[in-house]
Number of protein chains: 2
Amino acid sequence: MPQIKNILFVMYDQLRHDYMSCAGHPTMKTPNFDRLAARGVRFSRAYVQSPICGASRMCFYTGRYVHSHGAAWNNFPLKVGEMTLGDHLRQLGVESWLIGKTHMRADAEGMARLGLAPDSVIGARVADCGFDVHVRDDGLNAEGPEGFYDEKRSPYNEWLKTQGYPGHNPWHAHANSGIDAKGDIASGWLLQNAVEPANIAEQDSETPWLTREAMGFIAQPHAAPWLCHLSYIKPHWPYIVPAPWHNLYGPADVAPATRHLRERDDPHPVFKAFMSNQPGQAFSRDEVREAVIPAYMGLVAQCDAEFGKLLDFLESSGRMADTMIVVTSDHGDYLGDHWMGEKDLFHDPSVRIPLIIYDPRNQANATRGTICESLVESIDLAPTFVEAMGGTPADHILEGRALTPWLHGQTPDWRGAVFSEYDYSAMALAGPGYLDVSPEDARLFMVFDGRWKLIHAEGGFRPMLFDVATDPDEFDDLGANPASGPEIARLMGLLNDWARRPAQRTTISKAEITGMRGKSRRYGIIIGAVTPDELAPDLRAKITGKPAKDYR
Amino acid sequence: MPQIKNILFVMYDQLRHDYMSCAGHPTMKTPNFDRLAARGVRFSRAYVQSPICGASRMCFYTGRYVHSHGAAWNNFPLKVGEMTLGDHLRQLGVESWLIGKTHMRADAEGMARLGLAPDSVIGARVADCGFDVHVRDDGLNAEGPEGFYDEKRSPYNEWLKTQGYPGHNPWHAHANSGIDAKGDIASGWLLQNAVEPANIAEQDSETPWLTREAMGFIAQPHAAPWLCHLSYIKPHWPYIVPAPWHNLYGPADVAPATRHLRERDDPHPVFKAFMSNQPGQAFSRDEVREAVIPAYMGLVAQCDAEFGKLLDFLESSGRMADTMIVVTSDHGDYLGDHWMGEKDLFHDPSVRIPLIIYDPRNQANATRGTICESLVESIDLAPTFVEAMGGTPADHILEGRALTPWLHGQTPDWRGAVFSEYDYSAMALAGPGYLDVSPEDARLFMVFDGRWKLIHAEGGFRPMLFDVATDPDEFDDLGANPASGPEIARLMGLLNDWARRPAQRTTISKAEITGMRGKSRRYGIIIGAVTPDELAPDLRAKITGKPAKDYR
């Protein structure tokens, strides 16, 4: 019977849950993602624990909520000591390798405090959230008047230079820009340029480059089983893609925006602030959507095509038989839905993700090609991987639940709600002149029970509430409606029960705790006994006898 | 003007808030604690964050709630990476030294994962919750049929051997036992023996020994300012004290038990389980209280006398002028109040602590000898110490509030409630046949706003509620009374707001967060701009220009 030897954990960035043909997109074709879905289980109601790259990824990589690990936004460091997927798997003799993006920022201060050198084996893992690095590339070689956004040198940018692409930043000038009518650089940073083909040979663009890196890694001899986190940058912005993908789709393929004018009628202040920001304004214009979304679809189509090559490679090399394959994303993209651009808030286009899992074991045969509609969280993957590798998830640390039963056709008792968080404290719209909230209060929580979605905002704002049974498009915020009181109270109860969980009791397992019960007396801790008759004979013998001398 | 050079942070173990004459005890005399109170501020409503040694101390030493640091009970390791008082003070050039008890259990697994050797400087600090160790003695050299309770060798026990005390455990046979009428060891573990004098010369008993260690430390030359955590074992059980302290007090000095028969009438199930355990049963007997409490008072009197020697020494050596002195305890002792022995629950005898702070600076002159009735938490000490040493408390890590304003006669806006927690998951009474609750559910939270004290129990139990305005003795649990609904809801709101706090966002300060607002575009992250006109000229220049070559 085939067993799992390796795990290929593929993540795309900003890939919406519904931009796959297997997920029902009306025009988008993803034959290769569909191929995987036909051989695995597609989890149709999977949610990230934070709709932003860095915070979401730290949840995937730790198997814990943002409220537990604290790396609540991009570039908020993941604190030293937080255990990662790599740590859990190494205990099982499994290596964890990174190819691509993590958006991890190391806790340099904590590392220095503990004397962890960044170039030591342990220090490097701590700095890369538990992975050994085959290639790390966070995919944003952005450069502005005050320097580069990412202090690290981009290996992809360096590779482009070796291929003859000129200049110091071909990542921008070639991979992520076109050429305008005047022959100038048409930067992919500007949404008007999304219609241009990127000024790069298709096979030199970022997605094929990373795919080749992954194939090279997989083809290497491996002494140990591995998890390979193949983490693509795309279809994340800059929204620009080389030919032939740039015009595979056109305005006719753009699905209508899921938005309604009544969303702008007395909206929640936080929602209003996000709608009013530059991405929201831009993506509310139809011409912007018609320029950008075909490029986004082209980027997805390129991702799908490269994934097909990877599947072919795995099949021809025999690795399909012993490799668990996961396809997912760190969050979605509003693309103009709800008058929003970007991600950040909790409507489905942002917080819901694609998730397909292929399990090569025979136990999974009955579920191949099926859809699981249970409520799944991104933090479920870490324990799923531990189980796949034969381990028992450390459930005093990992907060997700292994998806193995769903893969094997079982119907376990399951969670009643998913949770997500968003910390906007470092965004301009939290500041004076906008929402003007403190760093403590600039935080949002979502609880979704499959029907009702509550968004609680700290700082004294009213909640937002959607009933997706009667309002599947999430247009009608019932949070200010007095009739919503009981639902709001019920969902706040779920949120508050969750908030009180013992998330930091990570140094002792539940079995160790129950094993301690009633044991201290056997080590001589006698509390409340008045006379020797109350003691077991062996303990009584330990504490009596003639003293050797009288010192009173 | 005198400035603070050093901090003497004295902690007793299991010293009740009301067993000092300055706190109004009817018979107990503590002239030396009173001496400190006359020169400092006595905080009369100070509460620990958990009424149990280990968990409470980890709160003092990290400045954070149990819910934040996770070391929720005795011998639950404090996880690697958790920042300590010592870490905060070392950043200011201040050394932190330990003399006595911490009840810290090192996170050996986490240390191994990060490659921290226990015998390295950093590893030793991590293993001793941030302190450099002058003497560490946790004070329980208990031994049962399955071996010693504490794996570490007791320096006090070894010292006794050097003084000629025979046997392998003079800590038990001499320091903590008497001799009975037959000439056998009368173990201090048995409450009936509390009336005996311990079989040890008074100056060899644990409290004088530790005081001498402290004086030796203080008298050493010191290159840097220091905090000395002088952490006594007493008056913690075993309840036995050498002559002349053993009969300084007698049954006539025992205050009546604060208890009422109606507390036993349909009590909360958790309270009932604790009342029914062996300490509760024993301390509900008057003859046990009359045997034990005079010994407890003798232990306190010895502590007070030794503290007097310490004060004399500080005065004669000039250290009173530049040393902040704190006297406190890790929790109280029921001593039969509320039909309870030990600590663990949230009645005042258990969760409320003595706290006296002497500040040598002139700014504190106006408050000398005064009482502060504001709600204080044990976690307030860490930031108080940071401020005393000239630092600014890292308020993204430390959850308490510096008490400096109260010491200097100011009346700041202050907290409206204190929080405490108790995790009984490792106790026998949580197990099958008793309460039978899971390790997740065997947890209690207290919120006290100065009038109303709510105890929330996880696991589906009803809450407990006391109104100390009308019921100062906490006899009447209003938690099952339907009329309490609004108060319960209000206090649960405070608890839940607290539970959602961003306690793990410890790697980035609030100033760093607000400093990030609106800055990423200056590093080239352009989101939502459609045309170049929307960009500042310098940024626009960065992303345009003639491309060097056309690769399309």
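Throughout what follows, the structure given in this document is the object of discussion.

How each quantity is defined
- Residues numbered from 1 in each chain as written.
- Chains lettered and ligands numbered in written order.
- Predicted model: local features only at pLDDT ≥ 70, side-chain atom pairs only at ≥ 80, totals over all residues.
- Heavy atoms only, no water.
- Helix = DSSP H or I, 4+ residues; strand = E, 2+ residues; numbered from the N terminus.
- Rg over C-alpha atoms; globule rule 2.2 N^0.38 Å.
- Contact = heavy atoms within 4.5 Å.
- Areas by Shrake-Rupley, 256 points an atom, 1.4 Å probe, with all protein chains shown as cover.
- Pairing = 2+ DSSP bridges.
- Axes fitted to C-alpha atoms, helices over the stretch in contact; angles between N-to-C directions.
- Buried < 20%, exposed > 50% of the residue type's maximum accessible area, 1.4 Å probe, protein only.
- Buried area = accessible area lost by both parts, 1.4 Å probe.
- Salt bridge = Lys/Arg side-chain N within 4 Å of Asp/Glu carboxyl O.
- Polar contact = N/O pair within 3.5 Å; in protein donor to acceptor, adjacent residues only side chain to side chain.
- Nonpolar A, V, L, I, M, F, W, Y, C, P; charged D, E, K, R; others polar.
- Least-squares fit on C-alpha atoms with pLDDT ≥ 70 in both.
- Phe/Tyr/Trp six-rings, centres within 6.5 Å; stacked < 30°, edge-to-face > 60°.
- Lys NZ or Arg CZ within 6 Å of the ring centre and 35° of its normal.
- Parallel < 35°, antiparallel > 145°, perpendicular 65-115°, else oblique.
- Arc of directions from axis to C-beta.
- Core = buried A, V, L, I, M, F, W, Y, C linked by side-chain atoms within 4.5 Å.

**So, the overall build of chain A**
Phase 1: On a plain count of helices and strands, chain A comes out with 18 helices and 19 strands.
Phase 2: For a compact globule of 552 residues, the expected C-alpha radius of gyration is about 24 Å, and chain A comes in at 26 Å, within 12% of that figure.
Phase 3: Each principal axis of the C-alpha distribution contributes one length, and for chain A these read about 105 × 65 × 55 Å.
Phase 4: Put simply, 71% of the contacts in chain A that link residues at least 6 apart link residues at least 24 apart.
Phase 5: Put simply, chain A shows about 18,200 Å² of open surface, and 53% of that area lies on carbon and sulfur atoms.

**Brief notes about the sheet that holds strand S18 (residues 452-457) of chain B**
Residue and element names in this part refer to chain B.
Phase 1: Reading across from one edge, S16-S17-S18-S19 is the order of the 4 strands in this open sheet, with antiparallel pairing throughout. Edge positions in the open sheet fall to strand S16 (418-423) and strand S19 (464-467), since each of these has one partner strand only. Between one strand axis and the next, the sheet turns through 15 degrees on average, direction left out of account.
Phase 2: Where S18 and S19 come together, 4 bridges link them in antiparallel fashion. Bridge assignment links Ile455 to a residue of S19, and that residue is Met464.
Phase 3: Of the strands in this sheet, S16, strand S17 (443-448), S18 and S19 are in contact with helix H16 (residues 485-499), which crosses S18 at around 65 degrees.

**A closer look at the environment of Leu314(A)**
Residue and element names in this part refer to chain A.
Phase 1: The residue Leu314 is located in helix H12 (residues 286-316) in this model.
Phase 2: Accessibility expressed as a relative area gives 1% for Leu314, which makes it buried.
Phase 3: Separated by 99 residues in sequence, Leu314 and Met215 place their C-alpha atoms 8.7 Å apart.
Phase 4: The contact partners of Leu314, leaving out residues within four places of it in the chain, are Leu8, Ile218, Arg319, Met320 and Ile325.

**So, the interface of chain B and chain A**
Phase 1: In this assembly, 121 residues from chain B lie in contact with 121 residues from chain A.
Phase 2: Here chain B packs against chain A, burying approximately 10,300 Å² in sum over the two surfaces, 60% of which is carbon and sulfur.
Phase 3: Looking at the side of chain B facing chain A, the largest losses of area belong to Arg500(B), Arg517(B) and Tyr551(B), adding up to 8% of the total buried there.
Phase 4: Counting every contact that joins chain B to chain A gives 14 salt bridges.
Phase 5: The salt bridge involving Arg500(B) is made with Glu458(A); its shortest N-O contact spans 2.6 Å.
Phase 6: Inspection of the chain B/chain A interface yields 53 residue pairs in polar contact (both at pLDDT 80 or more).
Phase 7: Taken together, the residues of the side of chain B that touches chain A break down into 58 nonpolar, 34 polar and 29 charged.

**Concerning the relation of the copies chain B and chain A**
Phase 1: Turning chain B through 180 degrees and shifting it by 0.0 Å along the axis lays it on chain A, with an RMSD of 0.1 Å. Both copies are brought into coincidence by an operation consistent with a two-fold rotation axis.
Phase 2: The overlap is high: 100% of the interface residues of chain B also sit at the interface in chain A, so the same surface is used on both sides.

**So, the pairing of S19(B)**
Phase 1: Burial of the side chains of S19(B) extends over both faces: Met464(B) and Phe466(B) are buried on one face and Leu465(B) and Asp467(B) on the other.
Phase 2: Counted along the chain from S18(B) to the antiparallel partner S19(B), the turn is 6 residues long, and its residue Gly459(B) has a positive phi close to 95 degrees.

**Overview of the pairing of strand S13 (residues 355-358) of chain A**
All names here are of chain A.
Phase 1: The side-chain alternation of S13 yields two buried faces, one formed by Leu355 and Ile357 and the other by Ile356 and Tyr358.
Phase 2: Across 2 bridges, strand S2 (residues 41-43) lies against S13 in antiparallel orientation. What sits directly across from Arg42, in S13, is Ile356.
Phase 3: By the bridge criterion, 4 bridges tie strand S11 (residues 323-329) to S13 in an arrangement that is antiparallel. By the bridge assignment, Ile325 is partnered in S13 with Tyr358.

**Some remarks on the packing of aromatic side chains**
Phase 1: Taken as a whole and judged by the stated rule, the model has 52 aromatic pairs over all chains.
Phase 2: Here the aromatic rings of Phe445(A) and Trp498(A) are separated by 6.0 Å at their centres, their planes lie at 75 degrees, and the arrangement is edge-to-face. Pair noted here: Phe445(A) is in strand S17 (residues 443-448) and Trp498(A) is in helix H16 (residues 485-499), with a separation of 53 residues, a long-range link. The pair formed by Phe445(A) and Trp498(A) is uniform in burial state, with each residue classed as buried.
Phase 3: When the ring of Trp97(B) is compared with that of Phe217(B), the centres are 5.9 Å apart and the planes differ by 50 degrees; the resulting orientation is tilted. With Trp97(B) in strand S4 (residues 95-100) and Phe217(B) in helix H9 (residues 206-219), this residue pair connects regions lying 120 residues apart in the sequence.
Phase 4: Residue classification places Trp97(B) among the partly exposed residues on the basis of a relative accessible area of 21%.
Phase 5: For Phe217(B), a relative accessible area of 1% corresponds to the buried category.
Phase 6: Through a chain of ring-to-ring contacts, the aromatic side chains of Tyr12(A), Phe33(A), Tyr232(A) and Phe307(A) assemble into a single cluster.
Phase 7: Here the guanidinium or amino end of Lys453(A) rests over the ring plane of Phe448(A), the centre of that ring lying 5.5 Å away.

**Considerations on the packing of helix H7 (residues 155-162) of chain B against H9(B)**
Residue and element names in this part refer to chain B.
Phase 1: It is at 11 Å that the axes of H7 and H9 come closest, and there the two elements cross at 100 degrees. Here H7 is positioned roughly perpendicular relative to H9, judged by the angle of their axes. Residue-level contacts link Pro155, Tyr156 and Trp159 of H7 to Glu206, Trp209 and Arg212 of H9.
Phase 2: Looking at the contact of H7 with H9 residue by residue, the class counts come to 4 nonpolar, no polar and 2 charged.

**A look at helix H1 (residues 31-39) of chain B**
Residues and elements named next belong to chain B.
Phase 1: Taken together, the buried positions of H1 are occupied by Asn32, Phe33, Leu36 and Ala37. Along the long axis of H1, the arc covered by the buried residues comes to 150 degrees, so they all point the same way.
Phase 2: Looking at the packing, one finds that the buried side of H1 touches strand S1 (6-12), helix H12 (286-316), strand S11 (323-329) and strand S13 (355-358).

**Section: the nonpolar core**
Phase 1: Phe9(A), Phe43(A), Tyr424(A), Phe9(B), Phe43(B) and Tyr424(B) are the most contacted members of the largest nonpolar core, which totals 189 residues.
Phase 2: Core analysis: the second largest hydrophobic core is formed by 73 residues, Ile525(A), Leu8(B), Leu230(B) and Trp237(B) among them.

**Side note on the environment of His408(A)**
Residue and element names in this part refer to chain A.
Phase 1: Checked against the element boundaries, His408 lands in the loop between helix H15 (404-407) and strand S16 (418-423).
Phase 2: Residue class for His408 comes out buried when judged on its relative accessible area of 17%.
Phase 3: Along the chain, His408 and Arg361 lie 47 residues apart, while their C-alpha atoms are 9.0 Å from each other.
Phase 4: Excluding residues within four positions of it along the chain, His408 makes contact with Asp359, Arg361, Gln363, Ala364 and Thr367.
Phase 5: Here Asp359 takes part through its side chain, which lies 2.8 Å from a polar atom of the side chain of His408.

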